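# An overview of the molecular structure
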Amino acid sequence: MVQDNFLGNYTSCVAARSTNRGILAGSQDGGIATGLLAFALEQGIIDGAIVSMVDPSEPWKPMPFVATSPEELYFARGTRYSLSPNLALIKEATRSYGLDKVGIVGTPCQMQGLRKGQLYPIGLRDVPDKIALAVGIFCMENFPYQSIIQLVEDHGNTKLENVVKMDIGKGKFWIYTERGAVVQLPLKITHKYEQPGCHVCLDYVSNLADVSTGSVGTPDGWSTVFVRSKKGNDVWAKAMAAGCFETKPIEEVKPGLDLVTKLATEKITKNRKSLEERAKFGIGKGLRNPYI
Amino acid sequence: MSKVIEISPTTRHEGHSKLVLKVDDQGIIERGDWLSITPVRGIERLAVGKTYEQVPKIASRVCGICPIAHTLAAVEAMEASMGVYIPDDAYLLRIVLQCANRAHSIALHNILSLPDMYIPGTDVKINPFTPEEPVRSVAKRIQRIREIAQTIGEISGGECIHPSNPRIGGLYTNVSPRAKSKMFDLAKEGLALARDQMEFMIAVFRNYQKRDWSEVGGMQVEIPATLGYHNQGYMATDPVYGTSSLDENPRWDPARFNETRPWDWYMGEMEITDDYPNYPIGGTTPKGAKAWPQMEACSGVPLYDGQPVEVGPRARLAQFRGYDEKGTIGQQIARQMEYTDSFYKIIECLDALNTSASVLADEIPQGDGSLGWAANEAPRGSDVHLARVKDGRVQYFSMLVPTTWNFPTCSRALTGAPWQLAEVVMRGYDPCVSCATHMIVVDEKNQLVAEKLIQ
Ligand code: SF4
Ligand SMILES: [Fe+2]
């Protein structure tokens, strides 16, 4: 078990991608979250998963839903850079959806919320023991949906309906459209559109997930995967044995774990500072530190 | 000269109540008063001015045992006032929720009643918590039935305690096909367990009925053949679910309802003359203390056709199935007979349920202030809620809760029993006292005029 101040505890870290072309095609990077949940579904490790899909009525607006088949999971592939309140369905999944073994994908803060809910299940009666697999993603910051509209339509001069993919990487916010045009916005512009809460967030790689994954640290088309908990280990080992993923040691890929560590350190150090600043904000009435 | 004994608080039921008993020299009750000493809730006041969605949620909070009944009765009272008709599939899921709650409640009450009873063929009282057989397997079966019923309630109602899914016009959400089959499988398992449990409980109650004596707090007392008999009538509105003023032929009539003050019905001030420190648990009230039921009772005395009535399982069976075994044991057995019916009904409703149908009415009128009422057959009896909704706001709301009906009836049923068995008679009603603590004032023309806390 590796214990790292910034990357959390994990038993192994690898570069991986799905061996399923169908999954890879629509995924953000290596198709890890979709591939792992699809495997867990097929094996009965989970009987449904809370993932996000695009709200059919508004372009790129994420909306949580409960997928109970691999086909439904495929709707959920890819990243949408605004919040999907996946935890909002955590109770309902065990109620009208009738799930006993729930899988969930979420950001680091959602993993924190999930674990907190499992520890103190206020309003979550009979939910904690039904969480079977939590897949966390990497997250630097996030945008409210309104911000995405502003960034894409005003700064990017692109109609949101025409966008086929968004990405954050190499210091830029990328917008790909149907016609192939690519717009890049420097992250300097996007900063003020972030959610304020993200500026005090002290987790980059979903330290509390069973398995966490993200693109940073591995080449295009691959993902970095941290296997963290016993549960995560079991599922990952089974999925590997079943040939769901192709892996490489993280040491052998570029840019490798160093970049993940660097970004995690940057995020957390910067956010610790804003926490300190918030504590002194105003006169004698600092803002609350959510961690204490 | 009669003596006065007080058991306060009573135990092994929900809420706080007490028994004030006038007994003869042999310890036989001449007149008993059973009364609520749980403080009045004031829900009727809280409800005024709230939205129609808020009030059922607030109403359900009077109790953690019967919130299903209160949610459904309150939701349906609003619907009755507003003239909202719900889709069939919403109704089916409400019945599933109702029956799940009933099965759970019977199982819970088994645990509360068993300690008064004996293991058949022995002089050993049943301790449901003993690790020893045969009781252990019974306890496990009871807990499994509760678990099954609560899970079905959770799926159909969103929550098995204060259900979140029911709303005005139907339900927030239908269930998934998976959830439907999960409930179905659970109900099948529950049905088999409930049948065994019903047979076990009936055997235990019949055994008690055949016994000559029971031991209470070191005293051996004779069990009268007429334990818990009374001559009050029964009131039930439906074998399973309920009725409302929207029905073509409503099975309850507000015009037949009236209420008197505890002042007019309970006994006046008295001094406790006898005490028994060994009576479980913690002895009876020390002698010399004062009791004043008229002043202390925290619930009104509801009358139907001018008389207190019994509500609950026996009332339902008497009204709709021609069952009429009197007394405490007859009442307990009636309750067990509702065990399997609850699961049969769940299975029947799930069979009919279309999981892709809408469970919300297309139209929800906002109310013109007319009086609507709904009666829900809660595990322990008819739970009648009355409401007036105007332009989306509740103007008037009132709850006539099962145990409120049963307080005066049970008080009558105490007469003739040895005082040591008064609690056994009371427990036969499966009382839920905190629910039952309400005050409503009615004027001479039987019109509900105001709700008022007791002075
Ligand atoms: S940066 Fe932190 S708070 Fe913001 S979305 Fe990501 S995990 Fe949540
Ligand atoms: Fe109650």
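My aim in this report is to walk through the structure given alongside it, one point at a time. Here the structure is a predicted model, which is why all the values come from computation and not from measurement.

Secondary structure summary: chain A contains nine helices and 13 strands in total. A globule of 292 residues ought to have a C-alpha radius of gyration of about 19 Å, and chain A, at 19 Å, matches this closely. Principal-axis analysis of the C-alpha atoms gives chain A an extent of 55 × 50 × 45 Å. Out of the 292 residues in chain A, the part that is buried amounts to 50%. Of the contacts formed within chain A by residues at least 6 apart in sequence, a portion of 65% connects residues at least 24 apart. Carbon and sulfur atoms form 55% of the exposed surface of chain A, whose accessible area is close to 13800 Å². In chain A, which carries 34 positive and 30 negative side-chain charges, the distance between the mean positions of the two groups comes to 5 Å.

What follows is about helix 5 (residues 135–157) of chain B. Counted at 1.5 Å a residue, the expected span for helix 5 of chain B with its 23 residues is 33 Å, and the 32 Å between its end C-alpha atoms agrees. Downstream of helix 5 of chain B by a residue or two, G158(B) has a phi angle that is positive, lying close to 85°.

Residues and elements named next belong to chain B. Ligation of the iron ion (ligand 2) by protein atoms is provided by C63 (SG), C66 (SG), C432 (SG) and C435 (SG), these donors lying 2.0 to 2.2 Å from the ion. Each of the four donor atoms bound to the iron ion (ligand 2) contributes to angles spanning 99 to 127°, and the resulting shape is tetrahedral. Here the donor residues of the iron ion (ligand 2) are spaced in sequence according to C-x2-C-x365-C-x2-C. Pair noted here: C66 is in the loop between helix 2 (54–60) and helix 3 (67–82) and C435 is in the loop between helix 12 (422–427) and strand 18 (441–442), with a separation of 369 residues, a long-range link. Judged by relative accessible area, which is 4%, C66 ranks as buried.

On to the sheet that holds strand 17 (residues 393–400) of chain B, then. Residues and elements named next belong to chain B. If you trace the four strands from one edge of the open sheet to the other, you get 9-15-16-17, paired in antiparallel fashion. One side of each edge strand has no neighbouring strand; the edge strands of this open sheet are strand 9 (242–244) and strand 17. Within this sheet the neighbouring strands show an average axis-to-axis angle of 15°, counted without direction. The sheet contact formed by strand 15 (residues 368–378) and strand 16 (residues 381–390) spans nine bridges and is antiparallel. From the neighbouring strand, N376 faces strand 16, where its bridge partner is D383.

Quick look at the pairing of strand 16 of chain B now. All names here are of chain B. Strand 16 sits mainly inside the fold: eight of its ten residues count as buried. As consecutive antiparallel partners, strand 15 and strand 16 are separated by two residues. Relative to strand 17, strand 16 runs antiparallel, the two sharing seven bridges. Considered in strand 17, the bridge of R388 is made with Y396. The turn joining strand 16 and strand 17, which pair antiparallel and follow one another in sequence, is formed by two residues; a positive phi near 50° is taken by D391.

Before going further, it helps to spend a moment on the site of ligand 1. Every residue close to ligand 1 is listed here: T107(A), P108(A), C109(A), C139(A), M140(A), E141(A), N142(A), Q195(A), C198(A), C201(A) and K267(A). Class assignment for the residues of the shell around ligand 1 results in six nonpolar, three polar and two charged.

Contact residues are listed per partner, giving 14 residues for chain B and 14 residues for chain A. Of the roughly 1100 Å² buried between chain B and chain A on both sides combined, carbon and sulfur atoms contribute 41%. Ranking the residues of chain B by area buried against chain A places E154(B), R178(B) and K182(B) at the top, with a combined share of 47%. Across the contact surface, chain B and chain A share six salt bridges. Where E154(B) meets R125(A), a salt bridge forms, and the shortest distance between an N and an O atom there is 4.0 Å. Applying the counting criterion to the chain B and chain A interface returns seven residue pairs in polar contact (both at pLDDT 80 or more). For the side of chain B that touches chain A, the elements supplying multiple residues, two or more each, are helix 5 and helix 6 (177–210) of chain B.

Cut-offs used in this document
Residues numbered from 1 in each chain as written. Chains lettered and ligands numbered in written order. Predicted model: local features only at pLDDT ≥ 70, side-chain atom pairs only at ≥ 80, totals over all residues. Heavy atoms only, no water. Helix = DSSP H or I, 4+ residues; strand = E, 2+ residues; numbered from the N terminus. Rg over C-alpha atoms; globule rule 2.2 N^0.38 Å. Buried < 20%, exposed > 50% of the residue type's maximum accessible area, 1.4 Å probe, protein only. Contact = heavy atoms within 4.5 Å. Areas by Shrake-Rupley, 256 points an atom, 1.4 Å probe, with all protein chains shown as cover. Lys, Arg positive; Asp, Glu negative; His and termini not counted. Charge placed at Lys NZ, Arg CZ, Asp CG, Glu CD. Expected span 1.5 Å × (residues − 1). Donors = N, O, S within 2.8 Å, 3.2 Å for Na, K, Ca; no water. Tetrahedral: all angles 85-135°; square planar, octahedral: opposite > 155°, others 65-115°. Pairing = 2+ DSSP bridges. Axes fitted to C-alpha atoms, helices over the stretch in contact; angles between N-to-C directions. Near = heavy atom within 4 Å. Nonpolar A, V, L, I, M, F, W, Y, C, P; charged D, E, K, R; others polar. Buried area = accessible area lost by both parts, 1.4 Å probe. Salt bridge = Lys/Arg side-chain N within 4 Å of Asp/Glu carboxyl O. Polar contact = N/O pair within 3.5 Å; in protein donor to acceptor, adjacent residues only side chain to side chain.

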